[in-house]
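# Descriptive analysis of the structure
Here is what each chain is made of, one letter per residue.
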Amino acid sequence: METMTENKSENKKRVFSAIKPTGNPTLGNYLGAMQYWGGMSDEYDCIFSVADLHAITVAIEPKDLRENSKRLFALLIAVGIDPEKNVVFMQSHVRAHCELCWLLNNYTMFGEARRMTQFKEKSEKAPENINVGLFDYPVLMAADILLYQTDIVPVGDDQLQHVELCRNIAERFNNRYSPTFKMPEGKVPKAGARIYSLTDPTAKMGKSDSGDAGAVFILDTPETIMRKFKRAVTDSDAAVKASPDKLGITNLLNIYAALCGITVAAAEAEFDGCDYATFKTRVGEAAVERLRPVREKYDALRRDDGRLSELMRAGADTAARIAARTLEKVYKKIGFVRT
Ligand code: TYM
């Protein structure tokens with residue numbers, strides 16, 4: 001069966017985004033990216049992926065990769081991505097990603113890849129495992145995006161530099177041969193593009209911070225979520241106002257704004273005159289209420305592994321057919337013999 005997405009209508013733009021199954025998905029992932037994905041399918045042709053090939057650029061146990069991947073696939077559906085209206089698939093199920101990555105490697109300059117901030121940060125974090133995959137990761141990401149002739153890439157702001165590199169690669173290839181790839185654009189949300197740790201508001205809230213009270217995980221219980229918010233660091237002042245010298249409060253205001261779909265200024269107005277303890281409780285409650293239905297839907301999905309596998313297969317079939325068209329074009333333009 002061909003889906004709406006496969007027969008993309010000319011006037012609907014295409015959206016592609018992905019998330020990698022390392023660690024435990026956080027409120028940062030949700031507010032910066034995932035919460036918007038489910039609602040985009042009316043306006044756009046949407047394709048979402050669990051970027052499992054990206055996950056092995058950092059050390060990961062086989063059982064963790066397996067469990068994280070299933071969890072994230074189910075979570076994509078639980079946050080509102082309807083597999084009937086979107087293509088949802090596991091990256092490693094569509095071979096074209098690795099193939100295009102290899103081809104694009106030859107149109108990516110070592111110097112530009114070396115400038116990637118995440119590569120530098122991750123190299124510093126794990127100096128014993130600075131592998132070539134970690135270095136090449138943005139090129140694989142470019143392949144993910146370009147295979148689907150993507151117009152819009154909705155991401156948190158830490159991924160914008162990678163989308164920029166992807167555009168450079170696409171432009172270089174298009175100029176060298178002839179127009180082949182659509183020029184994608186990264187899109188970050190107004191509030192929530194960068195959520196910081198609750199215990200260290202100078203550090204990004206990250207998936208690998210398991211056990212860290214600073215990261216709220218999408219699948220945390222309501223009690224855990226409330227405890228983490230109540231312990232969030234603030235400062236000695238008492239005004240609920242965003243400011244560069246009040247990073248903890250600014251982060252909490254940003255979280256609240258992103259949860260409620262309002263501006264930070266509106267959030268400030270709502271908490272005018274409020275004490276910090278009450279403010280933190282209210283932000284926690286807003287997070288609990290928002291994540292409750294996600295968790296319930298997730299639990300239901302995880303009770304039926306067979307159904308999840310079926311959905312994975314169907315998503316990969318559609319994605320593979322779309323990807324094959326771009327890949328074939330690329331092979332031909334470069335001059336490979338095709339029979
Ligand atoms: P990943 O898995 O690190 O994160 C998934 C999405 O969540 C956003 N995000 C955040 N947003 C706000 N605050 C935070 N603290 C926060 N942490 C993460 C990320 O910006 C991202 O949008 N390389 C990508 C996955 C990927 C991809 C792609 C994305 C692979 N191929 C193609 C777009 C297009 C990554 O590691 O995201």
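Described in the following lines is the structure provided in the data block.

Reading guide: rules and limits
- Residues numbered from 1 in each chain as written.
- Predicted model: local features only at pLDDT ≥ 70, side-chain atom pairs only at ≥ 80, totals over all residues.
- Heavy atoms only, no water.
- Near = heavy atom within 4 Å.
- Polar contact = N/O pair within 3.5 Å; in protein donor to acceptor, adjacent residues only side chain to side chain.
- Areas by Shrake-Rupley, 256 points an atom, 1.4 Å probe, with all protein chains shown as cover.
- Helix = DSSP H or I, 4+ residues; strand = E, 2+ residues; numbered from the N terminus.
- Nonpolar A, V, L, I, M, F, W, Y, C, P; charged D, E, K, R; others polar.
- Salt bridge = Lys/Arg side-chain N within 4 Å of Asp/Glu carboxyl O.
- Buried < 20%, exposed > 50% of the residue type's maximum accessible area, 1.4 Å probe, protein only.
- Core = buried A, V, L, I, M, F, W, Y, C linked by side-chain atoms within 4.5 Å.
- Axes fitted to C-alpha atoms, helices over the stretch in contact; angles between N-to-C directions.
- Parallel < 35°, antiparallel > 145°, perpendicular 65-115°, else oblique.
- Left-handed = near helix turned anticlockwise from the far one by under 90°.
- Contact = heavy atoms within 4.5 Å.

## Things to note about the site of the ligand
With respect to spatial proximity, 27 residues lie near the ligand, and among them Lys20, Tyr137, Asp144, Asp158 and Lys207 are the closest. At a separation of 2.8 Å, an oxygen atom of the ligand approaches a polar side-chain atom of Lys20. Measuring from a nitrogen atom of the ligand, one finds a side-chain N or O atom of Tyr137 at 2.5 Å. Contact with the protein chains covers 98% of the free accessible surface of the ligand, which is 720 Å². Put simply, the parts of the chain that give the shell around the ligand at least two residues each are strand 1 (13-19), helix 1 (27-37) and helix 7 (132-147). Taken together, the residues that form the shell around the ligand break down as 13 nonpolar, 8 polar and 6 charged.

## Points about the pattern of salt bridges
Following the criterion strictly, the structure yields 15 salt bridges and no others. With a closest N to O distance of 3.6 Å, Asp64 and Lys63 form a salt bridge. On the accessibility criterion, Asp64 (31% relative accessible area) is partly exposed. Residues Arg167 and Glu164 are paired through a salt bridge, measuring 3.8 Å at the closest nitrogen-oxygen approach. Here Arg167 and its partner Glu164 are both found in helix 8 (residues 160-176), 3 residues apart, which amounts to about one turn of the helix. Residue Arg167 is classed as partly exposed on the basis of its relative accessible area, which comes to 25%. Overall, the relative accessible area of 43% leaves Glu164 in the partly exposed class. Look at the salt bridges and you will find they share partners, linking Asp235, Asp237 and Lys246 into a network.

## Let's talk about the side chain of His54
Within the secondary structure layout, His54 lies in helix 2 (residues 52-55). Here Tyr137 takes part through its backbone oxygen, which lies 3.4 Å from a polar atom of the side chain of His54.

## Details of the nonpolar core
Of all hydrophobic cores here, the largest spans 63 residues; its most connected members are Leu27, Met34 and Phe229. Per-element tally for this core: the top contributor is helix 12 (residues 276-302), with 10 residues. Membership of the second largest hydrophobic core comes to 41 residues, among which are Leu103, Val163, Ala170 and Leu327.

## So, the packing of helix 4 (residues 96-105) against helix 13 (residues 305-334)
The interhelical angle for the contact between helix 4 and helix 13, taken along N-to-C directions, is 25°, at an axis separation of 10 Å. Between helix 4 and helix 13, the crossing angle belongs to the class labelled roughly parallel. Both helix 4 and helix 13 take part in a crossing whose hand is left-handed. Where helix 4 abuts helix 13, its residues Ala96, Glu99, Leu100 and Leu103 lie against Ala323, Leu327, Val330, Tyr331 and Ile334.

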